[in-house]
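Architecture and fold: a report
Next come the chains, spelled out residue by residue.
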Amino acid sequence: QVQLVESGGGLVQAGGSLRLSCAAPRSIFSIFDMTWHRQAPGKQRELVARITTAGSTSYEDSVKGRFTVSRDAARNMVYLQMNSLKPEDTAVYYCRAGLQYWGQGTQVTVSS
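Presented here is a report on the structure given in the accompanying data block.

Conventions and cut-offs
- Residues numbered from 1 in each chain as written.
- Predicted model: local features only at pLDDT ≥ 70, side-chain atom pairs only at ≥ 80, totals over all residues.
- Heavy atoms only, no water.
- Core = buried A, V, L, I, M, F, W, Y, C linked by side-chain atoms within 4.5 Å.
- Buried < 20%, exposed > 50% of the residue type's maximum accessible area, 1.4 Å probe, protein only.
- Helix = DSSP H or I, 4+ residues; strand = E, 2+ residues; numbered from the N terminus.
- Pairing = 2+ DSSP bridges.
- Axes fitted to C-alpha atoms, helices over the stretch in contact; angles between N-to-C directions.
- Disulfide = S-S within 2.5 Å.

Considerations on the nonpolar core
- Residues Met34, Trp36, Leu80, Met82 and Tyr93 are the most contacted members of the largest nonpolar core, which totals 28 residues.
- Looking at this core, the elements with two or more residues in it are strand S3 (18–23), helix H1 (26–29), strand S4 (34–39), strand S5 (46–51), strand S7 (67–72), strand S8 (77–82), strand S9 (91–97) and strand S11 (106–111).

Right, here's the structure in full:
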């Protein structure tokens, strides 16, 4: 039973920052591209950021320049640094490994 575990969500004021973490099993961390997704109430889940096994990153347009995804192979961790947060960033954020594995999500709430 493989599971990804997100942490770091919380309540923050607009303009603030949060750093999300995703712990992945050692056996799969180096194999798969890692992605961050989010789902706001009443909306579809959307891809927010991607980091490949080679370290290349990409971002959804609305977060580009504000969010940074990174990975630490030594710790089997993926991070999403979120700066200049906006109320529209409010969502449950999920970590994904390849196409197979999802975490349970962590709530991010940005107040006006």
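Structural notes on the sheet that holds S3
- Strand order in the open sheet formed by four strands is S1-S3-S8-S7, with antiparallel pairing between adjacent strands. The strands lining the two open edges of the sheet, one partner per strand, are strand S1 (5–7) and S7. Direction aside, neighbouring strands of the sheet carry axes that sit 15° apart on average.
- Here S7 runs beside S8; their pairing, made up of six bridges, is antiparallel. Each residue of the ladder has a partner; that of Phe67, found in S8, is Met82.

Examining the state of the cysteines
- Summed over the entire model, instances satisfying the criterion amount to one disulfide.
- Residue Cys22 pairs covalently with Cys95 via a disulfide, S to S 2.1 Å. Handedness here is read from the sign of the S-S torsion; for Cys22 and Cys95, about -85°, the answer is left-handed. Taken together, the positions of Cys22 in strand S3 and Cys95 in strand S9 put the pair 73 residues apart, joining distant regions of the chain.

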